[in-house]
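As a plain string of letters, each chain reads:
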Amino acid sequence: MRTDEPREQVGDASLPPDRDSLPPVSAVLSVIATGLWRWDNATGTVTLDAEAARLLGLPPHAQTTTEAGVRSRFHPVDWNEIHGIVQLAVAEGTLAEARLRIMDEQGRRVLRTVRSRTKPIVHEGGSTYELLGTIQEVSEPSPGSAARSPVTGDWRRSREAFLLDAGRALAEARSTKEVLRVAAGLSMPGFSPDGLAVFGAKADRLTLVGHHGHHGYGHDDPLASMPLDTDYPAAEVLRTGRAVYLSSPADYRRRYPTAWPLASRFERQSWAFLPLIVAGRTMGAWMAAFTYPVSFTPDERSVLTTVARMLAQALSRAGVAESERELTEGLQRSMLPVLGPEIPGMSVAARYVPTGGGLQVGGDWYDVIPLPSGRIAFVIGDVQGHDVRAAGLMGQLRIALRAYASEGHRPDAVLSRATRFLSGITDGIAYGSTDTRDDHGGAAADPRFATCLYVEADPATGVLEIARAGHPEPVIRMSDGTVLQRPIAGGLPLGIDPDADYPTTRLVLDTGETMLICTDGLIETGGHDLETGWTRIREILERYEDGGVGAASTVGAAGATGATGATGAVGTAEAAGTADTTGADAAGAGAAEPEGHDGFGAYEAPPTGDDSLEALADTLVQAVHGPSSHHTTGPLADRREDDIAVLLLRRTGRPDQRAHTRRTMLTIAQAEPERVAGARGHLRDLLHDWSDADQIDSAVLLVSEMITNVLVHTDGDALLVAEVTGEVDTRRLRVEVADGSDDLPHKRHPGELASSGRGLVLMELLADRWGVDPRGEGKSIWFELYEGSGDSSGEGGGGADPDAAL
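Engineer: So, the overall build of the chain: which residues are in play, and what are the values?
Structural biologist: Counting its regular elements, the chain contains 20 helices and 29 strands. Evaluated residue by residue, the chain yields a buried proportion of 49% over its 806 residues. In the chain, 67% of the contacts between residues at least 6 apart in sequence involve partners at least 24 apart. Looking at the chain as shown, the accessible area adds up to about 37300 Å², and 52% of this sits on carbon and sulfur atoms.

Dropping the structure here:
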């Protein structure tokens, strides 16, 4: 037979007149006695067609009922089995197929055995799902299943299965609302409450904590708030701590005639009011109401009492968790600042991520402080520990730093006062404390220290004055994506030495550059140390595609192509560093705006600039933690290793202020010769994308020679300024090393065994251009390399004396 020929239909007498069509699905299912149902896990409701309702022993018409109502029709053993089958199908995306015994309303006899085939449909997010499928009666039980016979002696097994399931569900509930939802779904064959309410006590009044199935309850309802001496069953339970069982409306009316009119509107037939007891204290009352008469036998009372105990424990745990969340949110609102109004010429983004273990506020913080001078202070720090004491000390230290900064003190003075403040409050005595764990008569034997980075920024010029107390150094992301870690002079963490000094380092943030300051949680999370952690952060920053905002400005140094322009930049840097810094690493340049520039403070950052900075902050945090997942389970699922505080500061300008320029400055003090190696690495980072590796090696060698010469032959510090300008593959590298000595270098002719005197020889061999520029105080030695030049011209450019020793 050819496959494209239509097959002849068999048994077509039952088909509709149109022989080429099939009857409606509902008609087919009705003919074969198969019902359709949908189980919505999110709402806890089950939708049935007429046939499905009939098979479950419900009135034979289409309806939507509760999960508890349907579950009460299943044999408890079958329910426990199908629960695991459904969860496996949800996890694997397969069909869930099971045989179920349907019980009568009293749960004493098996009515029929049905087979259910359902397909889970997981909603977006994965936390909720629906089951869509069919249900059909089967005549023969599956091998090994119980025969269709009355459930004799099954009550105890049903009760045990029900209590195990109830305990598991209540133990996993995390909020009062979730506890009430779980309690509303607890049912077993022949014993299924139709409504519940949980009452509490506040002062001398009864309060309604929550309810389910009692749509008449509300805050304006008489049951929502009444005196504890009211003739009402829940009030009596709270007063006496004893349960109240009412088997019939007549029993309710006889014992509580005053409250009966309030209860009669719900048309229930039996009620149980049980005390919720935790640690010997009655914290509330639980009402379970039934639409059918319940005699409350000893077994039934035992089940209710056990559930009441589990419900009380679950409500207690949920109350503690909600109190912790409320405390956490309050601490976050009070201790973590709002970034405030827009700062002209600068964009700011910040993030705080707690550890996730218990208290959601630790010792990390950040702050943005307007100063009397019109500048802005940016502060980030980390108090030792992740407990309540760390959070408290963090709040006190943050307030103290804000007060010192608002008084107009310089960065070094602010941190000097802060370390004395923290030393005083951690070494003091807690008078009146009831904590007797300490052997020193109440002494607070819990000294803490804190790391801190304090940045005073001038939005108009981009000048940053930075003081550091044991904190990780900042990172600068240039407008072209180059990332450099900036060495900052520093002192001991706050609280260790009350007399510690904190030198100040000055640097300039050019337009389009972004400074990242953070706590060590961002660096070390995931098993990293400071070195590997910074490598990871650098890769994230370099890969991040900016929003095209805040490109580097056309600052005078960017356009300086000759020796004069570069020397002027060094002169400005040294003048700024000498006048306004107290540390050996002080270095700065461009404190004044270039000629012809109107000042960046006059321009507003485009809106996409702020969005780009916010996106970068999110990228940094997500790259370290990864997105949260509901699939992660276990006691450590929601825990993190350390708090994280991140502060991003970008200098903004007009979009047309773009130039392919990157520049860095560094001071190497006489007392720190080991930092020569850091200068070499700093230059390699600046040239990370330079096309010629040999030129990079040459530049690093020349810088090492120039700085070493300053440290050996002069008494002052060496100021390094390196700048890359131009387009990729045709860029120019200009490096200057300035010192305070007036002696000019002279070229020497060292012998084979000489250990020095080859500096100028190397300069002539390796540099495309080089020179020495004398100044009023000291001199500047410089060289230039041109990307892709391939050979060195050896052209002198600054009047160097070949007879001077370098």
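Engineer: If you had to explain the pairing of strand 16 (residues 450-457) to someone new, which residues and values would you point to?
Structural biologist: Buried residues dominate strand 16, accounting for eight of its eight residues. Side-chain alternation along strand 16 places A450, C452, Y454 and E456 on one buried face and T451, L453, V455 and A457 on a second face that is also buried. Strand direction decides the pairing type here: strand 16 and strand 17 (residues 463-469), joined by five bridges, are antiparallel. Residue pairing for strand 17: Y454 is matched across the bridge by A467.

Engineer: Give me the sheet that holds strand 1 (residues 34-40): which residues, what numbers.
Structural biologist: Taken together, the six strands give an open sheet; going across it, the order is 3-2-1-6-5-4, and neighbouring strands pair in antiparallel fashion. Strands at the two margins of the open sheet, each flanked by one partner only, are strand 3 (63-66) and strand 4 (96-103). Mean inter-strand twist for the sheet, computed between neighbouring axes without regard to direction, equals 25 degrees. With eight bridges joining them, strand 4 and strand 5 (residues 110-122) adopt antiparallel strand pairing. Note that in strand 5 the partner of R101 across the bridge is T113.

Engineer: Which residues make up the pattern of salt bridges, and what are the values?
Structural biologist: Scanning the model with the defined rule gives 26 salt bridges in all. With a shortest N-O distance of 3.9 Å, E137 and R112 are connected by a salt bridge. One end of the pair, E137, is in strand 6 (residues 129-138); the other, R112, is in strand 5, with 25 residues separating them in the sequence. Accessibility expressed as a relative area gives 15% for R112, which makes it buried. With its nearest N and O atoms 2.7 Å apart, the salt bridge here joins R254 to D251. In this pair, R254 and D251 are both assigned in helix 8 (residues 249-255), three residues apart and thus about one turn of the helix distant.

Engineer: Give me the lowdown on the packing of aromatic side chains, citing residues and values where you can.
Structural biologist: A full pass over the atoms with the stated rule returns eleven aromatic pairs. When the centroid spacing of 5.2 Å and the interplanar angle of 45 degrees are considered together, the rings of Y245 and F296 count as tilted. You can see Y245 sitting in strand 10 (residues 244-246) and its partner F296 sitting in the loop between strand 12 (281-290) and helix 10 (298-335), a full 51 residues away along the chain. The class of Y245 is buried, set by a relative accessible area of 13%. Here F296 falls in the buried class, since its relative accessible area comes to 3%. Ring centres of Y252 and W260 lie 5.4 Å apart, and the angle between their planes is 55 degrees; this geometry places the pair in the tilted category. With a relative accessible area of 1%, Y252 lands in the buried category.

Engineer: Please set out the packing of helix 11 (residues 388-406) against helix 12 (residues 411-426) residue by residue, giving values where relevant.
Structural biologist: Contact geometry for helix 11 and helix 12: axes closest at 10 Å, N-to-C directions at 145 degrees. Crossing of helix 11 against helix 12: the hand is right-handed. On helix 12, the residues touching R389, L393, Q396, L397, A400, L401, Y404 and A405 of helix 11 are V414, L415, R417, A418, F421, L422, I425 and T426. Across the contact of helix 11 with helix 12, the residue classes break down as twelve nonpolar, two polar and two charged.

Engineer: Provide a residue-level description of helix 11, including the pertinent values.
Structural biologist: For the α-helix, the turn length of 3.6 residues means that residues three or four positions removed from each other point alike. Given a rise of 1.5 Å per residue, 19 residues ought to cover 27 Å, and the 27 Å separating the end C-alpha atoms of helix 11 matches this to within 8%. Among the residues of helix 11, A390, A391, L393, M394, G395, L397, R398, A400, L401, Y404 and A405 are the ones counted as buried. G408 occupies a position one or two residues after helix 11 and carries a positive phi of about 95 degrees.

Engineer: Requested: an account of unusual backbone geometry, with residues and values cited.
Structural biologist: Notably, A33 is not glycine yet its phi reads approximately 55 degrees, a positive angle. With relative accessibility at 32%, the residue A33 sits in the partly exposed group. Located in the positive-phi region is E267, a residue other than glycine, with phi close to 55 degrees. Tracing the backbone shows E267 in the loop between helix 9 (260-264) and strand 11 (270-278).

Engineer: Pulling in residues and values, what's your account of the pairing of strand 22 (residues 514-518)?
Structural biologist: Burial analysis of strand 22 places five of its five residues in the buried class, which makes it a mostly covered element. The sheet contact formed by strand 18 (residues 475-477) and strand 22 spans three bridges and is antiparallel. Each bridged residue has a counterpart across the sheet, and for V475 the counterpart in strand 22 is L516. Here strand 22 runs beside strand 23 (residues 644-651); their pairing, made up of five bridges, is antiparallel. Across the sheet, residue C518 finds its bridge partner in strand 23, namely V646.

What counts and what doesn't
Residues numbered from 1 in each chain as written. Predicted model: local features only at pLDDT ≥ 70, side-chain atom pairs only at ≥ 80, totals over all residues. Heavy atoms only, no water. Helix = DSSP H or I, 4+ residues; strand = E, 2+ residues; numbered from the N terminus. Buried < 20%, exposed > 50% of the residue type's maximum accessible area, 1.4 Å probe, protein only. Contact = heavy atoms within 4.5 Å. Areas by Shrake-Rupley, 256 points an atom, 1.4 Å probe, with all protein chains shown as cover. Pairing = 2+ DSSP bridges. Axes fitted to C-alpha atoms, helices over the stretch in contact; angles between N-to-C directions. Salt bridge = Lys/Arg side-chain N within 4 Å of Asp/Glu carboxyl O. Phe/Tyr/Trp six-rings, centres within 6.5 Å; stacked < 30°, edge-to-face > 60°. Left-handed = near helix turned anticlockwise from the far one by under 90°. Nonpolar A, V, L, I, M, F, W, Y, C, P; charged D, E, K, R; others polar. Expected span 1.5 Å × (residues − 1).

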